[in-house]
Each structure stands twice: as C-alpha cells, then as structure tokens.
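# Coordinate analysis (summary)
Listed here are the chains, written in short residue letters.
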Amino acid sequence: MAHTRLRLRARAQTQWELKQMTMAQAETYRDQLREDPNLLLAQLLLHSPQAITPQTLDILPQIARAVAAYAPGARWVQTALLLDRWFADLPTDAKRFIIDRLSTTLTEFGGEAIAQQLRDAHVTSVPAEHPTQGEGSDRSPVGLNGHDHHSG
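Note that the structure is a prediction, hence the values are computed from the model and not measured.

Within the protein chain one finds six helices and zero strands. For the protein chain, the sequential pattern of α-helices and β-strands runs α-α-α-α-α-α. Evaluated residue by residue, the protein chain yields a buried proportion of 14% over its 152 residues. The long-range share in the protein chain, meaning contacts at least 24 apart out of those at least 6 apart in sequence, stands at 37%. On the protein chain, roughly 12,000 Å² of surface is accessible, and the fraction owed to carbon and sulfur atoms is 59%.

Okay, the nonpolar core next. Within the largest apolar cluster, seven residues are counted, these being F87, L90, A94, F97, I98, I99 and L118. Per-element accounting of this core gives the leading share, four residues, to helix α5 (residues 92-108). Among residues more than four places away in sequence, those in contact with L90 are K95 and I98.

Right, let's get into the side chain of T56. Locating T56 in the fold gives a position in helix α3 (residues 54-69). T56 sits in the buried class, given a relative accessible area of 16%. Engagement of the side chain of T56 in a polar contact is seen with the side chain of T53, the distance being 2.9 Å. Setting aside its immediate chain neighbours within four residues, T56 contacts L44 and A51.

Between helix α1 (residues 2-35) and helix α2 (residues 39-47), the shortest axis-to-axis distance is 9 Å and the interhelical angle comes to 120°. Taken together, α1 and α2 sit at an angle that is classed as oblique. Across the interface between the two elements, Y29, Q32 and L33 from α1 touch L39, L40 and Q43 from α2. Here the residues of the contact of α1 with α2 are counted per class, giving four nonpolar, two polar and no charged.

Let us look at the environment of Q78. Mapped onto the elements, Q78 comes out in helix α4 (residues 74-88). Its relative accessible area of 29% is what places Q78 among the partly exposed residues. Measuring from C-alpha to C-alpha, the distance between Q78 and R65 comes to 8.8 Å, with 13 residues separating the pair along the chain.

Reading predicted coordinates in detail is not appropriate for stretches of low pLDDT. Of all residues in the protein chain, 77% have pLDDT values of 70 or greater, and the mean over the chain is 76. Mean pLDDT values over the elements of the protein chain span from 77, in α3, up to 91, in α5. Here residues 129-152 scores under 50 on pLDDT; set against residues more than four positions off or in separate chains, the count is 23 contacts.

So, how was this worked out
Residues numbered from 1 in each chain as written. Predicted model: local features only at pLDDT ≥ 70, side-chain atom pairs only at ≥ 80, totals over all residues. Heavy atoms only, no water. Helix = DSSP H or I, 4+ residues; strand = E, 2+ residues; numbered from the N terminus. Buried < 20%, exposed > 50% of the residue type's maximum accessible area, 1.4 Å probe, protein only. Contact = heavy atoms within 4.5 Å. Areas by Shrake-Rupley, 256 points an atom, 1.4 Å probe, with all protein chains shown as cover. Core = buried A, V, L, I, M, F, W, Y, C linked by side-chain atoms within 4.5 Å. Polar contact = N/O pair within 3.5 Å; in protein donor to acceptor, adjacent residues only side chain to side chain. Axes fitted to C-alpha atoms, helices over the stretch in contact; angles between N-to-C directions. Parallel < 35°, antiparallel > 145°, perpendicular 65-115°, else oblique. Nonpolar A, V, L, I, M, F, W, Y, C, P; charged D, E, K, R; others polar. pLDDT = per-residue confidence, 0-100.

Here it is as structure tokens:
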C-alpha cells in the first residue's frame, strides 16, 4: 500500500515537472516570437518543410503581426519597423539629416547615450558627410519634403 502511494506520488511529481517544463518552453517560445515573429517561418522550415506553400507564406506575415501585437512595447516595434521600411529608400543626405535630428532630439531630452548608440548604429549605413560641407553648414537635404530647408 505504502509502496503504491509512493509510486503514485512520484508519477504525479514527474507529470507536474513535465507540465512546468512545457509551460516554461511555451513562454520562452512566445517571448522569442514577440521579439522576432519570423522565427515561425524558421521553425516551420525545420520541422515541416513540406508544409510550406504559397498560402502558408501568405498567412505567416499575418500571424507574425498578430503575435507582435501582443508583445511588450508592440507599438514601438511596429513604429520601428515602419520607420525602417521608410528609411531604407531615402537618399543618403536625407538619412544623415534624420539621424542627426533624432540624435539631437534624444540629447535634448536626456538621451545622450541612446543618441550615441543611434549614431554608431548608422555610421556604416549612412556614409560620412561630403568633405566640402563645413561644420557650420545646414545639413538639411534640399527637397526632403519638397522645400529648400536652408534659411535665406
């Protein structure tokens, strides 16, 4: 009788531990999906490559958006993705101008370290100033929004 009780208790403990491990794995996977919803496609390719169809590829971005919508700071993730998409096609002078303006704004609001990280992150993606531009010149790109930004 006591032996059976011990065996049942051990089995219940093992089941509880397995359930806890499964929950922890699910939470980790959820958190990873929130950070990068494209992991869903990677997992599908690894575990079920035969399941990749044009329909699957069409629905995966919808799933990724739904997962990202529940991520902490989801609005900022979406904002960053939108800005990244928009920023990619801008001319170099416009990119330089925007990074400079964002860095200035961050610094004005106490974000000196973040401003420096932003500049560092874009130092290779946005080529350096043309050597003929002076330090005191207005580096606003002409025509960014259809107007000459230089004061006159």
